[in-house]
Amino acid sequence: MAVSDSDDLLKSALARVQDEVDRAFDAYLPVPSDSRARLVEAMRHATIGGGKRVRPLLVVAVADLYRVDRSAAVAAGCAVEAIHSYSLIHDDLPCMDDDELRHGKPTVHRAFDEATAVLAGDALHALAFDILTQSDVSSDPFVRSELVSVLARASGHEGMAGGQMMDMAADEEDYDLHQVTRLQQLKTGALLGASVEMGAILGRVPPEGRAHLRAYARDIGLAFQIADDLLDVEGDEALAGKALRKDGEQGKATFVTLMGAEKAREQARALVDQAIGHVAGHGSDARLLEALARFVIERDR
């Protein structure tokens, strides 16, 4: 597939899933006419009209390999995005990263207040699992149960939250490349991996049939974080829609500080090539997954 065809495919797929996710959250989060309104408005601020929607697109792209109903895949993708959004709300708080901008607009605690931001994150965490228990995701309770299990594990101390704790500890510890890799496999990679696995679960692929998809997710997860580290050093804040250069100012070890920018870039490219190889057996059906892998290191935000 030519590069231009790949770009067009990805742009179209991202635009479609962004619209679908926005409309889904609009339906999930009607603003009540009582004092909960501020909370729901904060949740909507965090979930509607922002973000690349890479995680929902991963769910949909993998589900498509197995001819899963698209509305079910989008709903599962929204569950992952709810977890991702809650994590960003909490990461942006003054007690964590203390950021003022996210997706080019004020962070939730800036647009509302800290207490509302904490509650909005908590409520989005709950919403994620509420979505996955609904029959429109799957009529099979065993499928729904496995979706909940995979997302819960990727969200907690064995996944994203554990990675965030390691990231906080990095201020006081000198991490080597192995430790930074482990941190990022948890903090960034766990939810990307869950997105891929959830698409396969919807397609009723047994665990032993998902090894190549897990390998794909592992490689793009690390490539994604290397790209983030490069953006933090070289990126444009206006395009990124968030503060950059923070890791360097805090003296944190990253792939770039440990490997150097050029070697880090080479490693990211190698990981993407590896990831594409893992899904090559799906032939032309994997075109979107291939385009997504390349997007990981070519994005500017």
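Everything numeric here is computed off the predicted structure, so don't read it as measured data. As a convention, each chain's residues are numbered from 1 in the sequence order in which they are written. For this predicted model, a pLDDT threshold of at least 70 governs which residues receive local features, and a threshold of 80 or more governs which side-chain atom pairs are given and counted, while totals over whole chains, interfaces and linings are taken from all residues. Based on all heavy atoms of the structure, the side-chain values leave hydrogens and waters out of the count.

(A) Quick peek at the overall build of the chain. Counting from the N terminus, the helices are the DSSP runs of H or I reaching at least four residues and the strands are the DSSP runs of E reaching at least two. Helix and strand content of the chain: 16 helices and two strands. Only C-alpha atoms enter the radius of gyration; for comparison, a globular chain is expected to reach 2.2 Å times N to the power 0.38, where N is the number of residues. Over its C-alpha trace the chain gives a radius of gyration of 18 Å, about what one expects of a compact globule, namely 19 Å for 301 residues. Referenced to the eigenvectors of the C-alpha coordinate spread, the extents of the chain come out at roughly 50 × 50 × 35 Å. Partly exposed describes any residue whose relative accessible area lies between the buried limit of under 20% and the exposed limit of over 50%, with all areas from a 1.4 Å probe on protein chains only and scaled to the type maximum. Burial status across the chain gives 52% buried among its 301 residues. For this analysis, residues touch if any pair of their heavy atoms sits within 4.5 Å. Contacts spanning at least 24 positions in sequence make up 71% of the contacts within the chain whose residues lie at least 6 apart. By the counting scheme adopted, Arg and Lys are positive, Glu and Asp are negative, and His together with the chain ends is not counted. Charged side chains are reduced to one point each, which is NZ for Lys, CZ for Arg, CG for Asp and CD for Glu. Mean positive and mean negative side-chain charge positions of the chain (33 and 50 charges, respectively) differ by 4 Å.

(B) Quick peek at the nonpolar core. Ranked by internal contacts, the top residues of the largest apolar core, which has 91 residues, are Leu58, Leu151, Met198, Leu202 and Tyr216. In this view, Leu58 contacts Leu192, Ser195, Val196, Tyr216, Ile220, Leu289 and Leu292; residues no more than four positions away in its chain are not counted. Side-chain atoms within 4.5 Å are what join buried Ala, Val, Leu, Ile, Met, Phe, Trp, Tyr and Cys residues into a set we call a nonpolar core.

(C) Here's a closer look at the packing of aromatic side chains. When two rings of Phe, Tyr or Trp (its six-membered ring) have centres within 6.5 Å they constitute a pair, described as stacked for plane angles under 30 degrees, edge-to-face for angles over 60, and tilted for the intermediate range. Within this structure, the stated rule accounts for one aromatic pair. Between Phe25 and Tyr28, the aromatic rings sit 6.1 Å apart at their centres with planes inclined by 75 degrees, giving edge-to-face as the arrangement. In this pair, Phe25 and Tyr28 both sit in helix 1 (residues 3–28), three residues apart, roughly one turn of the helix. Judged by its relative accessible area of 29%, Tyr28 is partly exposed. Two conditions define a charge located above a ring, namely a distance within 6 Å from the ring centre to NZ of Lys or CZ of Arg, and an angle within 35 degrees of the ring normal. Sitting over the ring of Phe224, Arg55 keeps its end group 5.7 Å from the ring centre.

(D) Spatial organisation of the packing of helix 7 (residues 141–155) against helix 10 (residues 189–202). As a packed pair, helix 7 and helix 10 sit with axes 9 Å apart at the nearest point and diverge in direction by 170 degrees. In terms of axis orientation, helix 7 runs roughly antiparallel to helix 10. Two secondary-structure elements touch here, helix 7 through Val143, Glu146, Leu147, Val150, Leu151, Ala154 and Ser155 and helix 10 through Ala190, Leu191, Ala194, Glu197, Met198, Ile201 and Leu202. We call Asp, Glu, Lys and Arg charged. Ala, Val, Leu, Ile, Met, Phe, Trp, Tyr, Cys and Pro are nonpolar, and the rest, Gly among them, are polar. Tallied by class, the residues present in the contact of helix 7 with helix 10 amount to 11 nonpolar, one polar and two charged. Axis angles are defined between N-to-C directions and span 0 to 180 degrees, where every axis is a line fitted to C-alpha atoms and, for a helix, only to the segment in contact. Small angles under 35 degrees read as roughly parallel and large ones over 145 as roughly antiparallel, with 65 to 115 read as roughly perpendicular and the rest as oblique.

(E) A look at helix 2 (residues 37–47). The complete set of buried residues in helix 2 reads Ala37, Val40, Ala42, Met43, His45, Ala46 and Thr47. Directly beyond the C-terminal end of helix 2, a positive phi value near 80 degrees is found at Gly49.

(F) A look at unusual backbone geometry. The phi torsion at Arg53 lies on the positive side, around 65 degrees, for a residue other than glycine. Position of Arg53 relative to the elements: it lies in the loop between helix 2 and helix 3 (54–65). One non-glycine residue, Asp98, adopts positive backbone phi at about 55 degrees. As for its position among the elements, Asp98 is in the loop between helix 4 (70–91) and strand 1 (101–102). Residue Asp98 is classed as partly exposed on the basis of its relative accessible area, which comes to 41%.

(G) Seen up close, the side chain of Arg102. Of note, Arg102 is situated in strand 1. For the purposes of these results, a polar contact is taken to be a pair of N or O atoms within 3.5 Å, where, inside protein, one atom must be able to donate a hydrogen and its partner to accept one; residues adjacent in sequence count only when each atom of the pair is a side-chain atom. Polar contacts involving the side chain of Arg102 include one to the side chain of Asp92, which spans 2.7 Å.

(H) Quick look at the side chain of Thr181. Among the structural elements, Thr181 can be located in helix 9 (residues 177–187). Polar contacts involving the side chain of Thr181 include one to the main-chain carbonyl oxygen of Leu177, which spans 2.8 Å. Sequence-distant contacts of Thr181, defined by excluding residues within four places in its chain, comprise Leu222 and Phe255.

(I) The arrangement of a negative patch on the surface in detail. Like charges are joined within 9 Å and nonpolar side chains (Val, Leu, Ile, Met, Phe, Trp, Tyr) within 5 Å, but only among residues with over 30% relative accessible area and no salt bridge; these make up the patches. With residues, only the protein chains shown are counted as cover, and all accessible areas are computed by Shrake-Rupley using a 1.4 Å probe. Any carboxyl oxygen of Asp or Glu that lies within 4 Å of a side-chain nitrogen of Lys or Arg is treated as forming a salt bridge with it. On the surface, Asp5, Asp7, Asp8 and Glu298 cluster together into a negatively charged patch. At three residues, helix 1 tops the list of elements feeding residues into the negative patch. Tracing the chain through its elements places Asp5 in helix 1.

(J) Geometry of helix 6 (residues 114–132). The length a helix should cover is 1.5 Å for every residue beyond the first. In a regular helix each residue adds 1.5 Å, so 19 residues correspond to 27 Å; helix 6 covers 28 Å between its end C-alpha atoms and thus fits that length. Buried within helix 6 we find Thr116, Ala117, Ala120, Gly121, Leu124, Leu127, Ala128, Phe129, Ile131 and Leu132. For helix 6, the N-terminal cap is Asp113; the gap from its side-chain oxygen to the backbone nitrogen of Ala115 is 3.2 Å.

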